[in-house]
Amino acid sequence: MSSLKEYRIKDIEKFIGDGRKIVKIDIKRLTAPGENYLSLVFRVDAWVENERGEIETIHAVAKRLPLTERNVDFNALAMRNEIKWYSEIVPLLTEFAQEYGIETSHYVKHLGSRFSLDSSKSKADSEAVLVLENLIPQGYINFERQIGFDLTTSKAILKVLAKFHAIPLASKFKKPELFALIKDYLQKTTPNFGGEENQTGAAPPEKLILAKALEIPACAPYVQNIKALQKNFVPMNERFKVTGKEPWNTIVHNDFWVNNMMIKANEQERSKSLVKILDFQICLYTSYTWDVVFFLLTSLQDEVLTQHLDDLIKHYYEEFTKILNKFDIPELKLSYDDYLEDLKHTAIKYESMHALFFCNVIFAPKGSQADHLTGEVDMFEHMTTMINNLGERSKEKISLVVAECVKRGWM
């Protein structure tokens, strides 16, 4: 960690200040260990002199590759994916949406990026950097991951998620040449990890979580359901290759949980709170239902999960179909029954397992995790250790997720 206290980013001035004189730059680690997993995130504050000789402050965030010798190819791919997302895909989606009067303010402003100091390289290396606007000074916050979102904020998020899914889906029919570029990008984002065994020869963490779930007393009524999930277990590297049924495959975030969105609350009308989506490192081309199920099972307050899930399921459907109707595409007419069936299929096959595994990550006590991003530990070995030492909050959430899935026929 000591090397990060005086962290420097070569040529960072190329991405901030718009060519103005930079008086001072301060760079500090922004997120604590356990709050993000695929990149080091730094706060970058720069003081620049404007044309009138006045000093202005620019607030940015810089993302860099982890300082580890393990999982190097995977981390480099994740960085490459996100740089291309902001530099190439977001401008395409924004322009297309604007043609139909749809705003895309849910994306963070991209200030600049590079794969390497060597401009001829197309693979991210140790000098890769992605620079984005810092949302914190604008009043955006991350919610507490161990608690999750209230009902009204959840609806605001699902409204944005519906737009995130619907815009590229509509481009498939309205601008096939544009969608071809998006699909080509998505088909090259797939990481290769999470098979039957990790590098230590142990069972993958996502499979181990099911064994631990069987030991939780509150899960006792659902033993057969959990064992069925074990029997039909799909390794993560195989899951990433799955596509849903057409025409409903679109851009899927694939990591849509509490920490990967920031909220600027509207205290007078919470339903109009602003939402920004973060971390586009492992997006996929598959069914929109993946993000919906994963978000609902991992990121709601317990009471919202157990008492208002039907309301939220319907809310997403209404927002999704409302946006699609703006494009007037006959092939994209979705009945509510078909929507529910698609959610059920996704939950049974993939996302109930995904959510259970992430209960280990999301509900781990703050400050309890080792710093795998600096090479302190291996990420997968650390996750295995965390699962073997599940905290009470993780156990509580696992039992709630299992119960809700069984109740809905999602497991």
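Above this text you will find the structure in question.
Residues numbered from 1 in each chain as written. Predicted model: local features only at pLDDT ≥ 70, side-chain atom pairs only at ≥ 80, totals over all residues. Heavy atoms only, no water.

1. Considering the overall build of the protein chain
Phase 1: Summing up its helical and strand segments, the protein chain has 13 helices and nine strands in all.
Phase 2: A compact globule built from 411 residues should have a C-alpha radius of gyration of about 22 Å, and the protein chain, at 21 Å, falls within 12% of that.
Phase 3: With the C-alpha coordinates aligned to their principal axes, the bounding extent of the protein chain is approximately 70 × 50 × 45 Å.
Phase 4: Out of the 411 residues belonging to the protein chain, those deemed buried represent 57%.
Phase 5: Surface summary for the protein chain: the accessible area is close to 17700 Å², and the carbon and sulfur share equals 49%.
Phase 6: When the 52 basic and 57 acidic side-chain charges of the protein chain are each reduced to a single mean position, those positions are 0 Å apart. (Helix = DSSP H or I, 4+ residues; strand = E, 2+ residues; numbered from the N terminus. Rg over C-alpha atoms; globule rule 2.2 N^0.38 Å. Buried < 20%, exposed > 50% of the residue type's maximum accessible area, 1.4 Å probe, protein only. Areas by Shrake-Rupley, 256 points an atom, 1.4 Å probe, with all protein chains shown as cover. Lys, Arg positive; Asp, Glu negative; His and termini not counted. Charge placed at Lys NZ, Arg CZ, Asp CG, Glu CD.)

2. Examining empty space enclosed by the protein
Phase 1: Inspection of every chain in the model, using the stated rule, returns three cavities of 30 Å³ or more.
Phase 2: Quantified by volume, the largest cavity comes out at close to 330 Å³.
Phase 3: Taken together, 23 residues line the largest cavity, and the ones lying closest to its centre are Tyr 37, Leu 38, Asp 255, Ile 282 and Phe 358.
Phase 4: Secondary structure elements with two or more residues in the lining of the largest cavity: helix H7 (236-239), helix H11 (336-362) and helix H12 (379-388).
Phase 5: Among the elements that take part in the lining of the largest cavity, H11 stands out by supplying four residues, more than any other.
Phase 6: Across the lining of the largest cavity, the residue classes tally to 14 nonpolar, five polar and four charged.
Phase 7: By volume, the second largest cavity amounts to about 130 Å³.
Phase 8: In terms of lining residues, the second largest cavity is bounded by Glu 206, Leu 229, Asn 232, Phe 233, Val 234, Met 236, Arg 239, Lys 349, Tyr 350, Met 353, His 354 and Phe 357. (1 Å grid on protein atoms, 1.4 Å probe; cavity = no way out; pocket = protein on both sides within 12 Å on 5 of 7 lines; lining within 4 Å. Points joined across faces, edges and corners; volume = space filled by probe spheres on them. Nonpolar A, V, L, I, M, F, W, Y, C, P; charged D, E, K, R; others polar.)

3. A closer look at the state of the cysteines
Phase 1: Taken as a whole and judged by the stated rule, the model has zero disulfides.
Phase 2: Cysteine Cys 405 remains unbridged, with the sulfur of Cys 359 as its closest cysteine sulfur at 9.3 Å. (Disulfide = S-S within 2.5 Å.)

4. A word on the packing of helix H5 (residues 205-213) against H11
Phase 1: Taken N-terminus to C-terminus, the directions of H5 and H11 make an angle of 85°; their axes are 9 Å apart at the nearest point. The angle between H5 and H11 places the two elements in the roughly perpendicular class. Only Met 353, Leu 356, Phe 357 and Asn 360 of H11 make contact with H5, whose side of the interface consists of Pro 205, Glu 206, Ile 209 and Leu 210. (Axes fitted to C-alpha atoms, helices over the stretch in contact; angles between N-to-C directions. Parallel < 35°, antiparallel > 145°, perpendicular 65-115°, else oblique. Contact = heavy atoms within 4.5 Å.)

5. Brief notes about the nonpolar core
Phase 1: Within the largest apolar cluster, 122 residues are counted, with the highest numbers of intra-cluster contacts made by Trp 85, Phe 295, Leu 296, Tyr 316, Phe 320, Tyr 339 and Ile 398.
Phase 2: If we skip the residues at most four places from it in the chain, Phe 295 touches Phe 149, Ser 154, Ile 157, Leu 158, Phe 256, Met 261 and Leu 300.
Phase 3: One finds Tyr 7, Phe 15, Val 44 and Val 131 within the second-largest nonpolar core, a separate group that totals 17 residues. (Core = buried A, V, L, I, M, F, W, Y, C linked by side-chain atoms within 4.5 Å.)

6. A short note on unusual backbone geometry
Phase 1: Each neighbour pair has its own omega, and for Glu 246 with Pro 247 the value is 10°, a cis peptide bond.
Phase 2: Position of Pro 247 relative to the elements: it lies in the loop between H7 and strand S6 (249-252).
Phase 3: Despite not being glycine, Asn 254 has its phi angle at roughly 75°, a positive value.
Phase 4: The residue Asn 254 is located in the loop between S6 and strand S7 (261-264) in this model.
Phase 5: On the accessibility criterion, Asn 254 (4% relative accessible area) is buried.
Phase 6: Despite not being glycine, Asp 279 shows a phi value in the positive range, around 60°.
Phase 7: Take Asp 279: it is sitting in the loop between strand S8 (274-277) and strand S9 (284-287).

7. Quick notes on the environment of Gly 244
Phase 1: Tracing the chain through its elements places Gly 244 in the loop between H7 and S6.
Phase 2: In this structure, the C-alpha to C-alpha distance between Gly 244 and Asp 18, residues 226 residues apart in sequence, is 43 Å.

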